[in-house]
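One-letter residues, chain by chain:
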Amino acid sequence: MSDRRILIVDDELSVRSSLEEWFKEDGFKVETAEDGQAALRAMDRGPFDIILLDLKMPGMDGITVQKCVREIDPQATIIILTAYASVETAVEALKLGAFDYVTKPVDPDDLSNLVRNALRTRALAEENVRLKEKVSELTQAAPILAVSPMMEHVLEMVRTVAETDSNVVIRGESGTGKELVARAIHAQSRRRYFPLIAVNSGSIPETLLESELFGHEKGAYTGAQYRRKGKIELADGGSLFLDEIGDVTPKMQIDLLRVLETHRFTRLGSNQEIASDFRLICATHKNLEKLVEEERFREDLFYRINVFSIQVPPLRERPEDILPLTQFFIEKYARAMGKPVRTVSADAEAVLLAHRWPGNVRELENAVERAMVVGKGPALEVRDLPVAAQNGAADEPQARSLAALEKDHVARVLRDCGGNVTQAAKVLGIDRATLYNKLKRYRLRR
Amino acid sequence: MAVPIHLAYVDGPTPTWADALVSGVADVFPNPIRTIAAPVDLGPCFVPSRQQHHATLVLAALLRHRPDSTSKIVGIVPVDLFIPVLTFVFGQAQLDGPGAVVSTYRLRSEFYGLPADEGVLVERAIKECIHELGHAFGLVHCDFYDCVMHASPTVDEVDVKGSEFCGHCASMLEGRGWE
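Residues numbered from 1 in each chain as written. Chains lettered and ligands numbered in written order. Predicted model: local features only at pLDDT ≥ 70, side-chain atom pairs only at ≥ 80, totals over all residues.

A short note on the overall build of chain A
For chain A, the count of helices and strands is 19 helices and 16 strands. Looking at chain A as a whole, 33% of its 446 residues are labelled buried. Considering only intrachain contacts with a sequence separation of at least 6, the fraction spanning at least 24 residues in chain A is 69%. (Helix = DSSP H or I, 4+ residues; strand = E, 2+ residues; numbered from the N terminus. Buried ≥ 20, exposed ≤ 12 C-beta atoms within 10 Å, placed from the backbone. Contact = placed C-beta atoms within 7 Å.)

Some details on the overall build of chain B
Helix and strand content of chain B: 5 helices and 8 strands. By residue count, 42% of the 179 residues in chain B fall in the buried class. Considering only residue pairs separated by 6 or more positions, chain B has 63% of its internal contacts joining residues 24 or more positions apart.

Looking at the nonpolar core
By size, the foremost hydrophobic cluster in this structure holds 79 residues, and its most contacted members are Ile51(A) and Leu52(A). Considering every element that reaches this core, the biggest residue donor is helix α3 (residues 118-136) of chain B, with 7 residues. Counting 37 residues, the second-largest nonpolar core is a separate cluster that includes Val181(A), Ala182(A), Ile197(A) and Phe297(A). (Core = buried A, V, L, I, M, F, W, Y, C linked by C-beta atoms within 7 Å.)

Some points on the pairing of strand β3 (residues 50-54) of chain A
All names here are of chain A. Extensive coverage of β3 is indicated by the burial of 5 of its 5 residues. Burial along β3 is two-sided: the face carrying Ile50, Leu52 and Asp54 and the face carrying Ile51 and Leu53 are both buried. As paired strands, strand β1 (residues 5-9) and β3 are joined by 4 bridges and run parallel to one another. Considered in β3, the bridge of leucine 7 is made with isoleucine 51. Sheet topology note: the β3/strand β4 (residues 78-82) ladder contains 4 bridges and is parallel. Looking at the pairing, isoleucine 51 lines up with isoleucine 78 of β4. Considered for its hand, the β-α-β crossover made up of β3, helix α3 (residues 62-72) and β4 is right-handed. (Pairing = 2+ DSSP bridges. Right-handed = clockwise from strand over helix to strand, strands pointing away.)

Some points on the sheet that holds strand β7 (residues 196-200) of chain A
Residue and element names in this part refer to chain A. In space, the 5 strands of this open sheet follow the order β7-β10-β13-β6-β14, with parallel pairing throughout. Looking at strand neighbours, the two that pair on one side only are β7 and β14 (308-311), the edges of this open sheet. The average undirected angle you get between the axes of adjacent strands in this sheet is 20°. Sheet topology note: the β7/strand β10 (residues 239-243) ladder contains 5 bridges and is parallel. Bridged to alanine 198 within β10 is phenylalanine 241. Contacts from helix α7 (residues 178-187) reach β6 (168-171), β7, β10, β13 (279-284) and β14, with the element oriented near 165° to β13. (Axes fitted to C-alpha atoms, helices over the stretch in contact; angles between N-to-C directions.)

Here's the deal with the packing of helix α13 (residues 322-337) of chain A against helix α15 (residues 360-374) of chain A
Residues and elements named next belong to chain A. α15 packs onto α13 with a crossing angle of 45° between their chain directions and a minimal axis gap of 9 Å. Relative to α15, the element α13 is oriented oblique. The element α13 and its partner α15 pack so that their crossing is right-handed. From α13, Ile322, Leu325, Thr326, Phe329, Ile330, Tyr333, Ala334 and Met337 reach across to α15, where they touch Val361, Leu364, Glu365, Val368, Glu369 and Met372. Here the residues of the contact of α13 with α15 sort into 11 nonpolar, 1 polar and 2 charged. (Parallel < 35°, antiparallel > 145°, perpendicular 65-115°, else oblique. Left-handed = near helix turned anticlockwise from the far one by under 90°. Nonpolar A, V, L, I, M, F, W, Y, C, P; charged D, E, K, R; others polar.)

Some thoughts on unusual backbone geometry
All names here are of chain A. Each neighbour pair has its own omega, and for lysine 104 with proline 105 the value is -5°, a cis peptide bond. Within the secondary structure layout, proline 105 lies in the loop between β5 (100-103) and α5 (108-138). Unusually for a residue other than glycine, tryptophan 357 sits at a positive phi of about 50°. On the basis of neighbour counts, which here come to 23 C-beta atoms within 10 Å, the residue tryptophan 357 falls in the buried class.

A closer look at the interface of chain A and chain B
Counting from both sides, the interface comprises 21 residues of chain A and, opposite them, 17 residues of chain B. Where the side of chain A that touches chain B is concerned, the elements lending two or more residues are α1 (13-25) and α5 of chain A. Examining the composition of the side of chain A that touches chain B, we find that 8 residues originate from one element, α1(A), more than from any other. Partitioned by chemical class, the residues of the side of chain A that touches chain B number 9 nonpolar, 4 polar and 8 charged.

Looking at the sheet that holds strand β6 (residues 81-82) of chain B
All names here are of chain B. Ordered by their spatial adjacency, 3 strands build an open sheet running β3-β4-β6, and the pairing between neighbours is mixed. The two strands at the open ends of the sheet, each matched to only one other strand, are β3 (46-47) and β6. With 2 bridges joining them, β3 and strand β4 (residues 52-54) adopt antiparallel strand pairing. Note that in β4 the partner of phenylalanine 46 across the bridge is histidine 53. Sheet contacts for helix α2 (residues 55-63): β4 and β6; angle to β4, the most-contacted strand, approximately 60°.

Observations regarding the pairing of β4(A)
Residue and element names in this part refer to chain A. Counting buried residues along β4, 5 of its 5 residues qualify, which places the element largely inside the surrounding structure. Neither face of β4 is open: one carries Ile78, Ile80 and Thr82, the other Ile79 and Leu81, and all of them are buried. As paired elements, β4 and β5 share 4 bridges and run parallel to each other. Across the sheet, leucine 81 pairs through a bridge with valine 102, a residue of β5.

A word on the packing of helix α18 (residues 421-428) of chain A against helix α19 (residues 432-441) of chain A
All names here are of chain A. Axis separation between α18 and α19 bottoms out at 9 Å; the angle between their running directions is 100°. Between α18 and α19, the crossing angle belongs to the class labelled roughly perpendicular. The segment α18 lies against α19, with Val421, Thr422, Ala424, Ala425 and Leu428 engaging Arg432, Leu435 and Tyr436. For the contact of α18 with α19, a count of residues per class yields 6 nonpolar, 1 polar and 1 charged.

Quick look at the environment of Val361(A)
Assignment of secondary structure puts Val361(A) in helix α15. C-alpha of Val361(A) to C-alpha of Gly175(A): the two residues are 186 residues apart in sequence and 5.5 Å apart in space.

So, the confidence of the model for chain B
Confidence in the prediction for chain B averages 92 pLDDT; 98% of positions are at 70 or higher. Scored by ipTM, the complex comes to 0.81, with pTM at 0.56. (pLDDT = per-residue confidence, 0-100.)

Digging into α2(B)
For α2(B), the complete set of buried residues consists of Ala55(B), Thr56(B), Val58(B), Leu59(B) and Leu62(B). The buried residues of α2(B) all sit within an arc of 160° when viewed along its axis, so they share a single face. (Arc of directions from axis to C-beta.)

Details of α13(A)
Helical periodicity: at 3.6 residues per turn, an α-helix aligns residues three or four positions apart in one direction. Residues and elements named next belong to chain A. Between its first and last C-alpha, α13 extends 22 Å over 16 residues, near the 22 Å set by a 1.5 Å rise per residue. Inspection of α13 places Ile322, Leu325, Thr326, Phe329 and Ile330 among the buried residues, and these make up the whole buried set. Along α13, the residues classed as buried sweep out an arc of 140° about the axis, all on the same side. Looking at the buried side of α13, the elements it contacts are β15 (343-344), α14 (346-354), α15 and β16 (379-380). Looking one or two residues beyond α13, the residue adopting positive phi is glycine 338, at roughly 65°. (Expected span 1.5 Å × (residues − 1).)

Here it is, written out as structure tokens:
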């Protein structure tokens, strides 16, 4: 309470002294000024939580003082006090950002409430700033490791486009980190205080995707028991990330085009238009130009979404990133698994650098995770890496059937896991029942 | 050492409820409390344009009747008090100073169109005297709703709050002549 400061600016001594006493009893630290010049000098000793400003003063009038005070402290909470109320001056003062305008004499209850509301509003504004800083801190996208010049260029493009509201298409092979790039764009944009809503357009059937994107009213279709907001509505104020945009059906392409042109849509089963202010970020591993040529992707939609394009290079084209990424994943999984693995042996490094990484960063992460599961020592060895065997067989990839490769891989993982089916199923990313079926099919023993 | 407190009835005879007021204040302030006469002339404090008395001037006049330089004096006046800027005040004190003034004008039920009720008046007057004395002993307004130092710009809020200091305000009074 005692930290609150108030500045009273009034040319009448009796007003200054009585208000000074009144606010001192309220626990304020009070400063007074008899005119505009004195008020501006007092501002050097600021900031003040509240400034009570008389409108009619000799010399500089209240409105002029208010303008000067605003230049010194744009956040100042100013309450105009005047004995001569007029609508014009009240409107002018409020337009200039005064918190409120009261006529002398004021009821003590009204002044108490006014001051309390002003303090509450100021506290909320300050809290809002603090929370925004906190949100910025928390919404930092996962770091994108960029040692190679190619990835540094990608990050430069992210910074450039983040500040704008343009639609972005992120292109790149599967596993290169397109969603990570989308999240980085959102996290650096002015929309970061609103959500980034991600939808994988390729993995959802058309009818479901329609409901997913636009939402539906109760009873819009069989099973629609409740009204549901769609992803476009949820992305209001933020960003909508449509992954695998190259896979959406022609009908959905028309619907999307309409939404992108007007930023308005209707929920399924409703006639009411809803507006949504979102920024579209798309990703695809397909060649959109080729799809347009083949008339499998609408040209108008292509131009609408392809305002800014970012190409994320495959991992094999940026070998400088392989070892830093490996180290990053080792540290990540060492923390998660509580394992003392700290590094990679020189031989394992050579294997990692020699591999072509068709699955890109996702494959590298999976390889490191798997190696962390089976690895025993403080450094990952060649034998721990699933890519070692593939590298050896790289000369004859088409000579064997998929089933044969799967059989070998299952056998190897099971062996690496010491015959532990639960552990092996986890590494393979399948459930135990499926692994038992495969062991039975391939006549493998634990 | 306990600071003596003087309750002075200004502008009129000592009311019938004077003993009840002393008793109520003494419940909270165990200091020596005396009722004294203070022949203050309120005429110069009256402001015809507002038909009210200027609280600051009344307080200044009252302080001239303080019996000694170490005591605190609270003047109780039947007239309506104001300070410039505000439409009225229930009372005014000098923060950490020698005196305070309390008006019973708006503490009376009749002011609000209700039948006279001396019990209610005394209860309100006790709270306001203790409140203003709290200021004179250096206390500022308290956020705790039940504390007598809670700000009460309306009579409803005077009725809602309690007549005693909260633990925090009581601890602040220690060593300030409140014994």
